[in-house]
Amino acid sequence: MSLLLVSRSQRIFKLKHLISPNRAPTINRTFFETNGQIRGIDHLREPKLNKGLAFTLNERQSLGIHGLLPPKIRTLDEQLELCRIVISRYKEDLNKYVYLVELHDRNEKLFFRLLTEDIEKMMPIVYTPTVGLACQKFGVIFRRPRGLFVTINDRGHVYEVLKNWPEMDVRAIVVTDGERILGLGDLGAQGMGIPVGKLALYTALAGVKPHQCLPMLIDVGTNNEEFLNDPLYIGLKQKRVSGEEYDELIDEFMAAAVKRYGQNTLIQFEDFGNRNAFKFLARYRDTYCTFNDDIQGTASIVVAGLIASQKIVEKTMSEHTFLFFGAGEAAIGIANLLVRAMESEGMSTEQACEKIWMFDKHGLLVLEREKENLDSHMVRYAKDICPTKDFLAIVKEIKPSVLIGASAVAGAFNEEVLKSMRECNERPIIFALSNPTAVAECTPQQAYDVTEGTCLFASGSPFPPVQRDGKTFITGQGNNAYVFPGVALGVIASGIHHISDDIFLTAAQVISRKVSEEDLSKGLLYPPLSSIKQCSIEIAVAVVEYAYKQGIASRYPEPEDKLALVKSHQYCFRYEPSLPATWAWPEQHFKPHGASKDPCSNN
């Protein structure tokens, strides 16, 4: 026999009854609920409720945890300082990552407070570049559930799997199938580290409530031979399923997600293969609340940097000529948003596409290319000229003002290419966006040296400052983390059902406005990471304003104070009282009416 009790955090716990034929059932009270709270050691084991040594004496005694903790009472600030000391003693970033995972597993508030207060130090650990290594080692460092795994074997039962997630109020899902994790390729089920890391930044940077976030991994196998032969690999040991069976699984997942959590549940696609990424974005964007961060988030941050550069080069977007090295998800996404930006300046779609040139492993994107090497999303940028594989010759011929690398080909922007950019531009704009640093198209040092300090440079990975001619240049990192947390918060707050490219253009404009003259003088095309939380809030407010202006918000009535609406959806990073509120009543309410003696007395 069992008794089910539902806690405030919506988790269901089972209390075992010890039944004797000679007496009434009794309860083995490892824990029990009083006034909506879990008592005893299970209060400490629940990361949403655990405060470590910050419990007051009254809380310890009332919750039945007195004696389970040392007598020392530490404030949240004291706990934060201890965490900083501990993490500083780890020399390897992967060990720091594991420490943060374990902190998240035992004390949710402390984990997010540490992230949000030390974001410049912590983000490279929970996100790129360390999260890539964590995904490669995920089978070794996995400790406890931090998301949901749905496999190809669960077809027809995806909704039942979703029902196993203990939270009901899910507003945001980040999902991957692990096929193209960062620049590391097919990591299969071990790509779960990406949704977990992305959603940690949803909370740390924008304050999206963690219980409203769900990381998901769609496991259809892997084509990574190393993992297929690795006894420590945690996913399905089979070749990756594709085609109709795969598509039907994704369709079922999307339908199950909105059935479980509602039509305006935000679903962010992450690190899918190129063709699947574009296919699913086109298939779902007008029927679900969804976006692809690799396509649209990357585009937004790059366009933000280009808008900021206008303050120096004094050119509109329409006056630039863009040359891409790479034509995958990121490059096409950037190009599409550039087209939208030029359209907003009055250009036609055709005129805007003419401004964009693309070069990939097969050479220049041209109409003569064989169909298997020219996907439908590439066609609008293909030129009607003779094919060529000579990248330098294209640079010299079209004289681009903006060079964008999204190829993962280290050294693609060699000395000759950089010299040519300098020769045809007073202030060449060079974005070497590939991650990690080992595959960047060029380093900032190389770019500044060859262009004699005249270029405007941004990277996809963090680089150290560059010293040249007595001046220090700080490299701006085109990091999607400036974009997706704020966009998500704005979408959740306004109840948007479908996410258009204009929302990402709005985000780019907000980010560019945060770049000061002082930032630009240092070489930065993005605001400092220290301002990223404020940037996320401003993006969220701008998204909400856009939603109500365009009539696509679903929360009514429209609030006058959009900032207040956004803040009402944010997480509290402080410890809150662990005991329910109490209050006093006037004394006369306890006196029996019309009687002077105790009504329970027999006298």
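Within each chain, residue numbers correspond to sequence positions counted from 1 in written order. With pLDDT at 70 or above as the cut-off, local features in this predicted model cover only qualifying residues; side-chain atom pairs require 80 or more to be listed or tallied, and sums for whole chains, interfaces and linings still use all residues. For the side-chain quantities, the full set of heavy atoms in the structure was used; hydrogens and water were omitted.

1. Some remarks on the sheet that holds strand S16 (residues 456-459)
For step 1, the next point in the chain: Reading across from one edge, S13-S12-S11-S14-S15-S16-S19 is the order of the seven strands in this open sheet, with mixed pairing throughout. Taken across any chain shown, the strands that pair with only one partner, and hence form the sheet edges, are strand S13 (363-364) and strand S19 (476-477).
For step 2, the next point in the chain: Relative to strand S12 (residues 356-360), strand S11 (residues 322-325) is paired through four bridges, and the arrangement is parallel. Its bridge partner lying in S12, Phe-325 is registered against Phe-359.
For step 3, the next point in the chain: Every residue pair with non-hydrogen atoms within 4.5 Å of one another is taken to be in contact. Axes, fitted as lines to C-alpha atoms, cover a helix only where it is in contact. Angles between the N-to-C directions of the axes lie from 0 to 180 degrees. The helix and strand labels rest on DSSP assignments: H or I over at least four residues marks a helix, E over at least two residues marks a strand, and numbering proceeds from the N terminus. The sheet contacts of helix H14 (residues 293-313) involve S11, strand S14 (402-405), strand S15 (429-432) and S16, and relative to S15 the element is tilted by about 155°. Note on pairing: DSSP must find at least two bridges between two strands before they are called paired.

2. Topic: the sheet that holds strand S7 (residues 172-176)
For step 1, the next point in the chain: The five strands lie next to each other as S6-S8-S7-S9-S10, forming an open sheet whose pairing is parallel. Strands with a single pairing partner mark the edges of an open sheet, and in this sheet they are strand S6 (148-151) and strand S10 (290-292). Neighbour-to-neighbour, the strand axes of this sheet turn through a mean angle of 25°, independent of strand direction.
For step 2, the next point in the chain: Where S7 and strand S8 (residues 213-219) come together, five bridges link them in parallel fashion. Counted as the bridge partner of Val-175 is Met-216 from S8.
For step 3, the next point in the chain: The strands touched by H14 within the sheet are strand S9 (266-269) and S10, with S10 carrying the most contacts at an inclination of about 75°.

3. Overview of the pattern of salt bridges
For step 1, the next point in the chain: What makes a salt bridge here is a side-chain nitrogen of Lys or Arg within 4 Å of a carboxyl oxygen of Asp or Glu, nothing more. With the rule as written, the count across this model stands at 36 salt bridges.
For step 2, the next point in the chain: Across the pair Arg-113 and Asp-77 runs a salt bridge whose closest N-O atoms are separated by 3.7 Å. Placement of Arg-113 in helix H5 (residues 108-117) and of Asp-77 in helix H3 (residues 76-88) is noted, with a sequence separation of 36 residues between them.
For step 3, the next point in the chain: Of the residues examined, Arg-113 reaches a relative accessible area of 15% and is grouped as buried.
For step 4, the next point in the chain: Per-residue accessibility, obtained with a 1.4 Å probe over protein chains only, is compared with the maximum for each type, and a residue is labelled buried under 20%, exposed over 50%, and partly exposed between these values. Assessed through its relative accessible area of 51%, Asp-77 is described here as exposed.
For step 5, the next point in the chain: Between Asp-118 and Arg-84 there is a salt bridge whose closest N-O contact spans 2.7 Å.

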